[in-house]
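# Overview (structure and organization)
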Amino acid sequence: MNKWEENIRKVVPYVPGEQPQESGVIKLNTNENPYPPSPKVYEAHRKIEIDCYALYPDPAASELVTALEQYYGLEHGQVFVGVGSDDVLALSFLTFFNSDKPILFPDVTYSFYPVWADVYRIPYECPELDENFRIKPEDYRRENGGIVIANPNAPTSIGMKRSEVEEIISSNPDVIVIVDEAYVDFGGETVLPLLKKYENLLVVRTYSKSRSMAGARIGFAMGNKRLIQALTDVKESINSYTMTMESIRIGAASLEDEDYFQRNLRKIVETRESAKKELEKRGFAVLPSQTNFLFAAHQKAEGQYLFEELRQRKIFVRHFNGERIGNYLRITVGTDEQMKRLFEALDEILGE
Ligand SMILES: *Cc1c(COP(=O)(O)O)cnc(C)c1O
């Protein structure tokens, strides 16, 4: 080993789902929305002029921040935006988890959490989900340096009641509790109303799933003004201009089409519920989902095997190794047509 290698930060990175470059793939592996964003987003995009690129964007992303504050009925200074919620979450770990005590998150959850903890050298402990893959709020009563909960959780798809999340927040007044609500629009119970009650709560959301804008990279955090200011200070200590002028404009435009948004959500929830039944008919145990994906294990066929067989048929789903979840597939809810193709492939593989 060369001497200089000792000084390199070594990390084991998060592995995102595959983004296939070939055509004809049915992509049910990264929980993107199968429908396009609102026509208002296209309209806003068309109006962008090429000469804007000579200038830096607004470092405060005010147009987008103000639109979000209005949409959620918050005061000015309660919203922070970033390059996808991964950016917002990474900055939140750096800003709020600054104690020597371990932070807490479940053993089965978004697999980026341990990666951020490692890269920032934050100690962590992972209370186990119960036998039904549910978070036990009482596990979060031990001493800790902060808490992050995805609600609904991924990859389990299961949501907690607001009162259960509140139990975790209220029993931890001395640390910041981050609630990652990436999937909440698909039927979860948001803790947003609790912002008035708890100073230590930060709610994080994304445009990537429910708003059909994964490619635009927009995420945001909502909390009391001191938390948002602390996040902003850390961000401005790294990179002032994170949001491009396009993402600011189209992000704000997306909020102007509530009808389209609600219709899109209803459609996905409908497809999700019918797909759950179809999977159960074929011998899968499917967890109750409040998200835009299903977490399902077949009684006989192994997860890895199904994943590979589907992949050969150009249907991409997600499979995670791991003791408790190795037999499960995480299947994004696509269009009805995409799901039909999935069931046809499963029938072929399972020999129906
Ligand atoms: C998808 C996802 C995110 C990150 O999404 P971005 O595209 O970075 O906004 C964060 N948390 C969870 C639980 C997710 O599933």
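Going by the structure above, here's the rest.
Here's what I pulled together on the structure shown here. As the structure is a prediction and not an experimental result, all values here were calculated from the model. (Residues numbered from 1 in each chain as written. Predicted model: local features only at pLDDT ≥ 70, side-chain atom pairs only at ≥ 80, totals over all residues. Heavy atoms only, no water.)

## What about the overall build of the protein?
How we decide: Counting from the N terminus, the helices are the DSSP runs of H or I reaching at least four residues and the strands are the DSSP runs of E reaching at least two. The quantity called the radius of gyration is restricted to C-alpha atoms. Its globule counterpart is 2.2 Å times the number of residues to the power 0.38. Using a 1.4 Å probe on the protein chains alone, a residue whose accessible area is under 20% of its type maximum counts as buried, one over 50% counts as exposed, and one in between counts as partly exposed. By the convention used here, residues are in contact when the closest approach between their heavy atoms is within 4.5 Å. With residues, only the protein chains shown are counted as cover, and all accessible areas are computed by Shrake-Rupley using a 1.4 Å probe.
Per the secondary structure count, the protein includes 10 helices and 13 strands. For the protein, whose C-alpha radius of gyration is 21 Å, the value lies close to the compact-globule estimate of 20 Å for 352 residues. Dimensions of the protein along its principal axes, counting C-alpha atoms only, are 60 × 55 × 50 Å. When each of the 352 residues of the protein is scored for burial, the buried share is 53%. Once local pairs closer than 6 in sequence are excluded, the contacts in the protein between residues at least 24 apart make up 71%. Accessible surface, the protein: about 17000 Å² in total, of which carbon and sulfur atoms supply 48%.

## Here's the deal with helix α3 (residues 84-96)
So the rule is basically this: Working rule for helices: expected span equals 1.5 Å times residues minus one.
Compared with an ideal rise of 1.5 Å per residue, which puts 13 residues at 18 Å, α3 spans 18 Å between its outermost C-alpha atoms and is within 8% of the ideal. Turning to α3, its buried residues number three or more, namely Gly84, Ser85, Val88, Leu89, Ala90, Leu91, Ser92, Phe93, Thr95 and Phe96.

## Brief notes about the packing of helix α1 (residues 39-46) against helix α7 (residues 245-254)
Helix-helix packing is described using two parameters, namely the angle between the two axes and the distance between the axes. The test is simple: Between N-to-C directions, angles cover 0 to 180 degrees, with each direction set by a line fitted to C-alpha atoms, over the stretch in contact for helices. Less than a right angle of anticlockwise turn of the near helix away from the far helix marks a crossing as left-handed, whereas a clockwise turn marks it as right-handed. For this scheme, ten residues count as nonpolar: Ala, Val, Leu, Ile, Met, Phe, Trp, Tyr, Cys and Pro. Four count as charged, namely Asp, Glu, Lys and Arg, and the remainder, Gly too, count as polar.
It is the contact of α1 with α7, at a shortest axis distance of 8 Å, that shows an interaxial angle of 150 degrees. The chirality of how α1 crosses α7 is right-handed. Along its contact with α1, which presents Lys40, Val41, Ala44 and His45, the element α7 presents Glu246, Arg249, Ile250, Ala253 and Ser254. A per-class count over the contact of α1 with α7 returns 4 nonpolar, 2 polar and 3 charged.

## Details of the pattern of salt bridges
Our working definition: Note on definitions: salt bridges are taken to be side-chain nitrogens of Lys or Arg within 4 Å of carboxyl oxygens of Asp or Glu.
Counting across every chain of the model gives 25 salt bridges. Across the pair Arg282 and Asp347 runs a salt bridge whose closest N-O atoms are separated by 2.7 Å. Separated by 65 residues along the polypeptide, Arg282 in the loop between α8 (258-281) and β9 (284-286) and Asp347 in helix α10 (residues 336-350) bring together distant segments of the chain. Arg282 sits in the buried class, given a relative accessible area of 14%. In this structure, Glu344 engages Lys340 in a salt bridge whose closest nitrogen and oxygen atoms are separated by 4.0 Å.

## Re the environment of Val65
On the secondary structure map, Val65 appears in helix α2 (residues 62-71). Among the residues examined, Val65 registers a relative accessible area of 7% and is labelled buried.

## As for the packing of aromatic side chains
Note the threshold: For Phe, Tyr and Trp, rings pair up if their centres lie within 6.5 Å, where Trp contributes its six-membered ring, and each pair is then called stacked (planes under 30 degrees apart), edge-to-face (over 60) or tilted (otherwise). Any Lys NZ or Arg CZ that is within 6 Å of a ring centre and within 35 degrees of that ring's normal is treated as a charge sitting over the ring.
Counting across every chain of the model gives 20 aromatic pairs. For the ring pair Phe112 and Trp116, a centre distance of 4.1 Å and an interplane angle of 5 degrees mean the geometry is stacked. With Phe112 and Trp116 both in helix α4 (residues 112-119), this residue pair falls 4 residues apart, about one helical turn. Each member of the pair Phe112 and Trp116 is classed as buried. Centroid distance Tyr113 to Trp116: 6.3 Å. Interplanar angle 35 degrees. Geometry classified as tilted. Taken together, the residues span about one helical turn, with Tyr113 and Trp116 both in helix α4 at a distance of 3 residues. Among the aromatic residues, those joined into a ring-pair cluster are Tyr14, Phe93, Phe97, Phe105, Tyr110, Phe112, Tyr113, Trp116 and Tyr124. Here Arg211 stacks its cationic end above the ring of Tyr207, 5.7 Å away from the centre of that ring.

## Description of the site of the ligand
Quick reminder of the rule: The criterion for a residue being near a molecule or strand is simple. One of its heavy atoms has to lie within 4 Å of it. In protein, a polar contact means a hydrogen-donor-capable atom and an acceptor-capable atom, both N or O and within 3.5 Å, with residues adjacent in sequence counting only if both atoms are side-chain atoms; elsewhere, any N or O pair within 3.5 Å suffices.
All residues adjacent to the ligand are Gly84, Ser85, Asp86, Leu89, Tyr110, Asp180, Ala182, Tyr183, Thr206, Ser208, Lys209 and Arg217. A distance of 2.5 Å is found between an oxygen atom of the ligand and a side-chain nitrogen or oxygen belonging to Ser208. For the ligand, the accessible surface in isolation is 380 Å², of which the surrounding protein chains cover 92%. The element best represented in the shell around the ligand is α3, accounting for 4 residues. Here the shell around the ligand is built from residues that sort into 4 nonpolar, 4 polar and 4 charged.

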